Amino acid sequence: DTGVSQDPRHKITKRGQNVTFRCDPISEHNRLYWYRQTLGQGPEFLTYFQNEAQLEKSRLLSDRFSAERPKGSFSTLEIQRTEQGDSAMYLCASSFPPAGTGLEQYFGPGTRLTVT
Amino acid sequence: QQQVKQSPQSLIVQKGGISIINCAYENTAFDYFPWYQQFPGKGPALLIAIRPDVSEKKEGRFTISFNKSAKQFSLHIMDSQPGDSATYFCAATTSNTGKLIFGQGTTLQVKP
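Since we're looking at a predicted model, the values are computed, not measured. (Residues numbered from 1 in each chain as written. Chains lettered and ligands numbered in written order. Predicted model: local features only at pLDDT ≥ 70, side-chain atom pairs only at ≥ 80, totals over all residues. Heavy atoms only, no water.)

A.B. asks: Describe in detail the overall build of chain A, supporting the description with residues and values.
C.D. replies: Per the secondary structure count, chain A includes zero helices and 11 strands. Counting from the amino terminus, helix and strand elements in chain A follow one another as β-β-β-β-β-β-β-β-β-β-β. Scaling as 2.2 N^0.38, a compact globule of 116 residues should have a C-alpha radius of gyration of about 13 Å, and chain A matches this with 14 Å. Within chain A, residue pairs in contact and separated by at least 24 positions form 54% of the contacts whose partners lie at least 6 positions apart. A total of about 5,900 Å² of accessible surface is found on chain A, and carbon and sulfur atoms cover 45% of it. (Helix = DSSP H or I, 4+ residues; strand = E, 2+ residues; numbered from the N terminus. Rg over C-alpha atoms; globule rule 2.2 N^0.38 Å. Contact = heavy atoms within 4.5 Å. Areas by Shrake-Rupley, 256 points an atom, 1.4 Å probe, with all protein chains shown as cover.)

A.B. asks: Got a sec to walk through the nonpolar core? Specific residues and values, please.
C.D. replies: In this structure, Val4(B), Phe33(B), Trp35(B), Phe73(B), Leu75(B) and Tyr88(B) are the most contacted members of the largest nonpolar core, which totals 25 residues. Counting residues per element, the ones that place at least two in this core are strand S2 (10–14), strand S3 (19–25), strand S4 (33–38), strand S5 (45–50), strand S7 (62–67), strand S8 (72–77), strand S9 (86–92) and strand S11 (106–111) of chain B. No other element matches S9(B), which puts four residues into this core. Counting residues in each nonpolar core, the second largest holds 19 residues, with Val4(A), Ile26(A), Trp34(A) and Leu61(A) among its members. (Core = buried A, V, L, I, M, F, W, Y, C linked by side-chain atoms within 4.5 Å. Buried < 20%, exposed > 50% of the residue type's maximum accessible area, 1.4 Å probe, protein only.)

A.B. asks: Could you give an account of the environment of Thr87(B), with specific residues and numbers?
C.D. replies: All names here are of chain B. Looking at the secondary structure, you find Thr87 in strand S9. For Thr87, a relative accessible area of 21% translates into the label partly exposed. In sequence terms Thr87 and Leu108 are 21 residues apart; their C-alpha atoms lie 6.0 Å from each other.

A.B. asks: Break down the sheet that holds strand S7 (residues 65–68) of chain A for me, with residues and values.
C.D. replies: Hydrogen bonds between backbone groups are what pair the strands of a sheet, and the pairing can be parallel or antiparallel. Residue and element names in this part refer to chain A. The four strands are arranged S1-S3-S8-S7 in an open sheet whose pairing can be described as antiparallel. In this open sheet, the two edge strands, each paired with only one partner strand, are strand S1 (5–7) and S7. Taken over all neighbouring pairs, the strand axes of this sheet differ in orientation by 15° on average, direction set aside. The sheet contact formed by S7 and strand S8 (residues 75–79) spans four bridges and is antiparallel. Across the sheet, residue Glu68 finds its bridge partner in S8, namely Thr76. (Pairing = 2+ DSSP bridges. Axes fitted to C-alpha atoms, helices over the stretch in contact; angles between N-to-C directions.)

A.B. asks: Explain the state of the cysteines residue by residue, including any values.
C.D. replies: Working definition of a disulfide: a covalent bond connecting the sulfur atoms of two cysteines. Throughout the structure, instances matching the rule amount to two disulfides over all chains. Shown here is the disulfide that connects Cys23(A) with Cys92(A), its sulfur atoms set 1.8 Å apart. Here Cys23(A) and Cys92(A) share a disulfide; its torsion about the S-S bond, -70°, makes the bridge left-handed. Of the two residues, Cys23(A) is situated in strand S3 (residues 19–24) and Cys92(A) in strand S9 (residues 88–95); the sequence distance between them amounts to 69 residues. Exposure class is identical for Cys23(A) and Cys92(A). Each is buried. The residue that forms a disulfide with Cys23(B) is Cys90(B), at a sulfur-sulfur distance of 1.9 Å. Negative torsions about the S-S bond denote left-handed disulfides, and the value of about -95° found for Cys23(B) with Cys90(B) makes this one left-handed. Here Cys23(B), found in strand S3, pairs with Cys90(B), found in strand S9; they are 67 residues apart in sequence, far enough to count as distant. (Disulfide = S-S within 2.5 Å.)

A.B. asks: Which residues make up the environment of Ser7(B), and what are the values?
C.D. replies: Residue and element names in this part refer to chain B. In this fold, Ser7 is placed in strand S1 (residues 4–7). Separated by 88 residues in the primary sequence, Ser7 and Ser95 place their C-alpha atoms 25 Å from one another. The contact partners of Ser7, leaving out residues within four places of it in the chain, are Ile21, Asn22 and Thr106.

A.B. asks: An account of a nonpolar patch on the surface is needed here, citing residue identities and associated values.
C.D. replies: Residues Ile18(B), Ile20(B) and Met78(B) make up a contiguous nonpolar surface patch of roughly 240 Å² in combined accessible area. Tracing the backbone through its elements, the reader meets Ile20(B) in strand S3. (Patch = residues over 30% accessible without salt bridge, like charges linked within 9 Å, V, L, I, M, F, W, Y side chains within 5 Å. Salt bridge = Lys/Arg side-chain N within 4 Å of Asp/Glu carboxyl O.)

Now the structure itself:
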């Protein structure tokens, strides 16, 4: 399977715990995006990387959230001291600007986070 | 100015009919407009996309119509099938970042 993969697919955690999600983009895709989607809403942009550089962070991304892409390949999204309001689907997408229009983003299956 | 407004919120169409979903945007810097299809529990899948230098793009049963002056674009699904029942999202972005601004989504039900 050469698509975007995310791990874990589901995570249940208690309020106050830290969680970390992983995203593996399509091979050679140098842009990687994180989005958050709550029930019945469209995905909302969180942050994105070009290679290993984090180029933009949304104001939605509080200081409890941190994302990394250390070698320009996979990325991790960590949420510290989780709150019930963090419950959502966390989606990762990747794109390869030199190909096509460069703007086609391909999404992974998402990680469903439930904070109890 | 960053919003993308999508309508209707839900849509019921008979098999073989035409499904039409509309979106409007404010930011004239947007220069790429994709549509995504999402099934429950899955990530969004790219369906079709358009740049503002063309007024229409067709891929199979899916057509995007784009009206730059009105800042509106729409998705037409011809010969709608029960397998098309899903949530559809329009989105917009600028070439320099690629970050997608999504509409609120339209839940489509195609009745057999």
